[in-house]
Amino acid sequence: DTEVTQTPKHLVMGMTNKKSLKCEQHMGHRAMYWYKQKAKKPPELMFVYSYEKLSINESVPSRFSPECPNSSLLNLHLHALQPEDSALYLCASSLAIHQPQHFGDGTRLSIL
Amino acid sequence: AQSVAQPEDQVNVAEGNPLTVKCTYSVSGNPYLFWYVQYPNRGLQFLLKYITGDNLVKGSYGFEAEFNKSQTSFHLKKPSALVSDSALYFCAVRLNTGGFKTIFGAGTRLFVKA
């Protein structure tokens, strides 16, 4: 069992749909991350929230919109995605900069 | 440019034999170093970290890693491999100059044969 919970586990959507990915942790971690991972590749950082404020945006297209409603929740809003956006989307959290990240099991996203 | 290299795409080892998964890094300053493992259809799981102190770090599931500052390496080791160790392993570096950005290596697939 992981301590970072991601929902849904699988998502299939059309290019015109709007959907959201959710991530939740109750470990008191103040940094939360979104990563995109293609098969057999390392995770690619998308966004970092530190103390509920966006601190890193790795030049991600605007069709991905992150939101951090509180210290335990992280959302990723999706709109007008492209087929190349199909991937595993991982959420992670960490207590401090020198502490490891705890990853959820991801949402596997398929764009039709 | 700051980078992490895992020179082997795949490592094959027989069960019971020692294993080594290699990692070298090129960053400015003193980095924080991590190893993570990923099983199919799962997220990454933390194995061990080096922050400061002893160069030999012990982690989860019998894994250890040796930090070598002069060679800028952080190789992952295990004295006796198990079939269940077969997975994808990532070396990662986090800069201690501020921010929470982590640089991941490309990953090494470990295959342990029974």
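Everything below is about the structure shown above.
What comes next is a walk through the structure. This structure is a prediction, so every number in the text was calculated from the model and none was measured.

### Focus: the interface of chain B and chain A
Interfaces are often described in size by the accessible area the parts lose on coming together.
Then step 1. The partner chain A presents 27 residues to the 25 residues of chain B that form the contact.
Then step 2. Roughly 2000 Å² of surface becomes buried between chain B and chain A when both sides are summed, with 58% attributable to carbon and sulfur atoms.
Then step 3. Taken together, the links from chain B to chain A amount to two salt bridges.
Then step 4. Residue E58 of chain A is joined to K101 of chain B by a salt bridge in which the shortest nitrogen-to-oxygen separation is 2.9 Å.
Then step 5. Within the residue set of the side of chain B that touches chain A, elements represented by two or more residues are strand 5 (32-38), strand 6 (44-50), strand 10 (87-94) and strand 11 (102-104) of chain B.

### Brief notes about the sheet that holds strand 3 (residues 18-25) of chain A
Residue and element names in this part refer to chain A.
Then step 1. One open sheet holds the four strands; their spatial order is 1-3-8-7, and the pairing between them is antiparallel. Strands at the two margins of the open sheet, each flanked by one partner only, are strand 1 (4-7) and strand 7 (64-70). Strand after strand, the sheet turns through a mean of 20° between neighbouring axes, direction not considered.
Then step 2. Relative to strand 3, strand 1 is paired through four bridges, and the arrangement is antiparallel. Looking at strand 3, one finds that Q6 is bridged to C23.

### Quick notes on unusual backbone geometry
Then step 1. Of note, the amide linkage connecting T7 of chain A to P8 of chain A takes the cis form, showing an omega dihedral of -10°.
Then step 2. Tracing the backbone through its elements, the reader meets P8 of chain A in the loop between strand 1 and strand 2 (10-13).
Then step 3. Here A80 of chain A, not a glycine, exhibits a phi torsion of approximately 55°, which is positive.
Then step 4. Following the sequence through the fold, A80 of chain A ends up in the loop between strand 8 (73-79) and strand 9 (87-94).
Then step 5. Using a relative accessible area of 30% as the deciding quantity, one classes A80 of chain A as partly exposed.
Then step 6. Although it is not a glycine, N41 of chain B sits at a positive phi angle of roughly 60°.
Then step 7. Assignment of secondary structure puts N41 of chain B in the loop between strand 5 and strand 6.

### Details of the state of the cysteines
All names here are of chain A.
Then step 1. Across all of its chains, the model carries two disulfides over all chains by this definition.
Then step 2. Covalently, C23 is tied to C91 through a disulfide, its sulfur atoms 1.9 Å apart. On the sign convention where negative means left-handed, the S-S torsion of about -70° between C23 and C91 marks this disulfide as left-handed. A residue pair is termed long-range when its members are at least 10 positions apart, and C23 in strand 3 and C91 in strand 9 qualify at 68 residues.
Then step 3. For C23, a relative accessible area of 1% gives the class buried.
Then step 4. Judged by its relative accessible area of 0%, C91 is buried.

Basis of the calculations
Note that residues are indexed from 1 along each chain, following the sequence as it is written. The naming scheme follows written order: chains are lettered A onward, ligands numbered 1 onward. pLDDT decides what is reported in this predicted model: residues at 70 or higher carry local features, side-chain atom pairs at 80 or more are listed and counted, and totals for whole chains, interfaces and linings draw on all residues regardless. Calculation of side-chain values draws on the structure's entire complement of heavy atoms; hydrogens and water are dropped beforehand. Throughout, a contact is declared for two residues whenever any of their heavy atoms are within 4.5 Å. When two parts are brought into contact, each loses some accessible area as probed by a 1.4 Å sphere; the total of that loss over both is the buried area. Between Lys or Arg on one side and Asp or Glu on the other, a salt bridge is scored when a side-chain nitrogen of the former is within 4 Å of a carboxyl oxygen of the latter. Runs of E in the DSSP output that reach at least two residues are strands. Runs of H or I that reach at least four are helices, and both are numbered from the N terminus. Should DSSP find at least two bridges between two strands, the strands are regarded as paired. Simply put, an axis is a line fit to the C-alpha atoms, just over the touching stretch for a helix, and the angle between two N-to-C directions goes from 0 to 180 degrees. Working definition: with a 1.4 Å probe on protein chains only, accessible area under 20% of the residue-type maximum means buried, over 50% means exposed, and in between means partly exposed. Cysteine sulfur atoms that come within 2.5 Å of each other are treated as a disulfide pair.

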